[in-house]
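Observations on chain architecture
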Amino acid sequence: MKTVWEKYDAKTMKKVMAFSEDYKDFLDHAKTEREAVSKSIALAEKAGFREFKDVRKIKAGDKFYFNNRGKSLALFVIGKQPIEEGMNILGAHIDSPRIDVKQNPLYEDNGLVLMDTHYYGGIKKYQWTARPLAIHGVVCKKDGSKVEVCIGEKDDDPIVEISDLLIHLAKDQMSKPGSNVVEGEDLNALAGSIPAKSKKDEKDPVKKNLLDILKKDYGMEEADFISAELELVPCGKARDLGLDRSMVMGYGHDDRICAYTSLAALLESEKPERTSVCILTDKEEIGSIGSTGAQSAFFENSVAELINVQGEYNDLKIRHALQNSRMLSSDVSAAYDPNYPQVNEAKSAAYFGKGISFNKYTGSRGKSGSNDAPAEFIAKIRDIMDKNDVVFQFTELGRVDQGGGGTIAYVLANKNMDVVDAGIAVQNMHAPYETASKADIYEAYRAYKVFLKEMD
Ligand code: MN
Ligand code: MN
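Nothing here was measured: the structure is a model prediction, and the numbers come from that model.

Parameters at a glance
Along each chain, residues carry numbers from 1 onward, in the same order as the chain's sequence is written. As they are written, the chains are lettered A onward and the ligands numbered 1 onward, keeping that order. Two thresholds apply to this predicted model, a pLDDT of at least 70 for residue-level local features and 80 or more for giving and counting side-chain atom pairs, whereas whole-chain, interface and lining totals are computed over all residues. Side-chain measures here rest on the full set of heavy atoms in the structure, leaving out hydrogens and waters. A donor here means an N, O or S atom no more than 2.8 Å from the metal, or no more than 3.2 Å when the metal is Na, K or Ca. Since water is not included, a site may seem to lack partners. Every helix listed is a DSSP run of H or I at least four residues long, and every strand listed is a run of E at least two residues long, numbered separately from the N terminus. Burial classes follow relative accessibility: with a 1.4 Å probe on protein chains only, a residue under 20% of its type's maximum area counts as buried, one over 50% as exposed, and anything between as partly exposed. Residue contacts follow a heavy-atom distance rule, with two residues in contact if any of their heavy atoms lie within 4.5 Å. Inter-axis angles, ranging from 0 to 180 degrees, are taken between N-to-C directions of lines fitted to C-alpha atoms, where helices are fitted over the stretch in contact. For classification, angles of less than 35 degrees are called roughly parallel, those exceeding 145 degrees roughly antiparallel, those between 65 and 115 degrees roughly perpendicular, and all remaining angles oblique. Amino acids outside the nonpolar list (Ala, Val, Leu, Ile, Met, Phe, Trp, Tyr, Cys, Pro) and the charged list (Asp, Glu, Lys, Arg) are all regarded as polar, and Gly is one of them. Given the number of residues in a helix, its expected span is that number minus one, multiplied by 1.5 Å. As used in this structure description, the phrase polar contact means that two N or O atoms lie within 3.5 Å; if the pair is within protein, one of them must be able to donate a hydrogen and the other to accept it, and residues adjacent in sequence are counted only when both atoms belong to side chains. Here a pair means two rings of Phe, Tyr or Trp (six-membered ring of Trp) with centres within 6.5 Å. Their orientation is stacked below 30 degrees between planes, edge-to-face above 60, and tilted elsewhere. Sitting over a ring, as applied to charges here, requires NZ of Lys or CZ of Arg to be within 6 Å of the ring centre and within 35 degrees of the ring normal. Here, strands pair whenever DSSP counts at least two bridges between them.

1. With respect to the coordination of the manganese ion (ligand 1)
Six octahedral donors around a metal ideally sit at 90 or 180 degrees from one another, while four tetrahedral donors ideally sit at 109.5 degrees. The manganese ion (ligand 1) binds to the protein through His93 (NE2), Asp254 (OD), Asp331 (OD) and Asp331 (OD), with metal-donor distances spanning 2.1 to 2.5 Å. Read in sequence order, the donor residues coordinating the manganese ion (ligand 1) give the pattern H-x160-D-x76-D. In this structure, the manganese ion (ligand 1) is positioned 3.2 Å from the manganese ion (ligand 2), and both are ligated by Asp254. Here His93, found in strand β4 (residues 87–93), pairs with Asp331, found in the loop between β15 (326–330) and β16 (333–334); they are 238 residues apart in sequence, far enough to count as distant. This pair shows no difference in class: His93 is buried, exactly as Asp331 is.

Here it is, written out as structure tokens:
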């Protein structure tokens, strides 16, 4: 078989295309980790999940979610077996590379107002200039209120941009190495140019006017930027790519593509043997640390809550639950790109249309930092995937010593469970727009369903 497309009949093709429509809708409404959590909760509640609150007893088939500060989520479908016998876990991250607004961002320079930023995650900074950017996020005020912000997604919304130097005057810039073509401290977003009407000679009148607008529209003062989380992201919707509509281009495939497919699989789990879990985590792009990252005690605490109401509470049960669990840590893989074949080793590259990508290991410079999944566990995965006719490929992120990357796999593996990296191949990873194959999206979703149901 060359690609999975060859095996799809007309009926399956319809399902593949329809699944991607739902995925695109998710992407368009989940451009930040907070939005991804809100959208996931909405989908989960529609599927019969409820927040784990004041629960005294649980039984097989119950569906709960735990919401961690609106930025990460753990969802459970209780299995017939006690939780300490182990869970089947799907994990993915919902934060994506972007440009964050600083805490003291606004300044005026010769009649223009700019917002200072600090980028989040690994980006080629020059890719984020000269393009329409939307502002998504929250402003938290001292009185405890919170304003949700989303500017730039409606057709008649204003947008902001980070300017680029015109080619005519870019002689010096063009001779710099790619990493410095645009410097981090030069990522300043243009946000306004009309001065406030005022009789007296006011300092920074354009900034004053902009603050008046923010006050009127969002009830915020300049100081409220200090307790705001505002993210600049590419505006616009995810689109079909290719004249045959075989691919999706959109912002934030990494890693909402694995988050959505994992979530979709979990929402269909009904009374499984082993408890089914989906973890959607924040902060992967900056090291999985912090209260909402994969290294947080949040997941373990959620398991403890469930064990507490399942029967007699015992700390050892939590340890058993974790060590008897199996996990697919799902994150995007580097898709083979005919424009840059030299970075891959052909036998281990991930190809569009060849199904879900499993990576035994990730890391860099001799697998460093990687969870190198046990062969015994991989054998089981091969077996259940083959039995269910799921199309998969075993891949690596690029040639040896070409670079590399990490995922959340090692974090959960450190709790002594079996974890393997899985996911969907994308082109242009970490660019403002990334590309993935609809066939791989569909096969990943199928693989996740099989894993939840049949892994033991
Ligand atoms: Mn990722
Ligand atoms: Mn990434």
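2. A few points about unusual backbone geometry
Here Asp254 and Asp255 are connected by a cis peptide whose omega angle stands at 10 degrees. Turning to its location among the elements, Asp255 is positioned in helix α5 (residues 253–267). Within the chain, Asn110 stands out as a residue other than glycine whose phi angle is a positive 50 degrees. By secondary structure assignment, the location of Asn110 is in the loop between β5 (98–109) and β6 (112–120). Phi at Arg245 is positive, roughly 55 degrees, even though this residue is not glycine. One can find Arg245 in the loop between β12 (239–241) and β13 (247–250).

3. Digging into the environment of Met249
Tracing the chain through its elements places Met249 in strand β13. A residue is classified by how much of its surface remains accessible, and Met249, at 28% relative accessible area, is partly exposed. Residues Met249 and Lys14, spaced 235 residues apart in sequence, show a C-alpha to C-alpha distance of 19 Å. Apart from residues lying up to four places away in sequence, Met249 is in contact with Ala238, Arg239, Leu241, Asn428, Tyr433, Glu434 and Thr435.

4. Observations regarding the packing of helix α1 (residues 10–28) against helix α10 (residues 438–454)
Across the interface, α1 lies against α10 with an axial gap of 9 Å and an inter-helix angle of 90 degrees. Here α1 is positioned roughly perpendicular relative to α10, judged by the angle of their axes. In contact with Thr12, Lys15, Val16, Met17, Phe19, Ser20, Glu21 and Tyr23 of α1, α10 contributes Lys438, Ala439, Ile441, Tyr442 and Tyr445. Within the contact of α1 with α10, the residues separate by chemical class into eight nonpolar, two polar and three charged.

5. Observations concerning the coordination of the manganese ion (ligand 2)
Every protein donor of the manganese ion (ligand 2) is accounted for by Asp254 (OD), Glu285 (OE), Glu285 (OE) and His430 (NE2), and the metal-donor separations fall at 2.1 to 2.6 Å. Mapping the donors of the manganese ion (ligand 2) onto the primary sequence gives the spacing D-x30-E-x144-H. Judged by its relative accessible area of 14%, Glu285 is buried.

6. Considering α10
Between its first and last C-alpha, α10 extends 24 Å over 17 residues, near the 24 Å set by a 1.5 Å rise per residue. For α10, the N-terminal capping position is held by Ser437, with its side-chain oxygen 3.1 Å away from the main-chain nitrogen of Ala439.

7. Details of the packing of aromatic side chains
Counted under the stated rule, the structure contains 17 aromatic pairs. On the numbers, 5.8 Å between centres and 90 degrees between planes, the contact of Trp5 with Tyr8 is edge-to-face. Aromatic pair Tyr336 and Tyr351: ring centres 5.1 Å apart, planes at 40 degrees, arrangement tilted. Of this pair, Tyr336 sits in the loop between β16 and β17 (356–359) while Tyr351 sits in the loop between β16 and β17, and the two are 15 residues apart along the sequence. Judged by its relative accessible area of 27%, Tyr336 is partly exposed. Taken together, the aromatic side chains of Trp5, Tyr8, Phe19, Tyr23, Phe26, Tyr260, Tyr442 and Tyr445 make up a single cluster linked through ring pairs. Lying across the ring of Tyr351, Lys354 places its NZ or CZ 5.4 Å from the centre.

8. A few points about the sheet that holds β16
Read from one edge to the other, the open sheet built from five strands follows the order β12-β13-β23-β22-β16, with strand pairing classed as mixed. At either margin of the open sheet sits one strand with a lone partner, and together these are β12 and β16. Bridge analysis of strand β22 (residues 425–427) against strand β23 (residues 434–437) gives two bridges, and the strand direction is antiparallel. In the strand pairing of β23, Gln427 is matched with Thr435.

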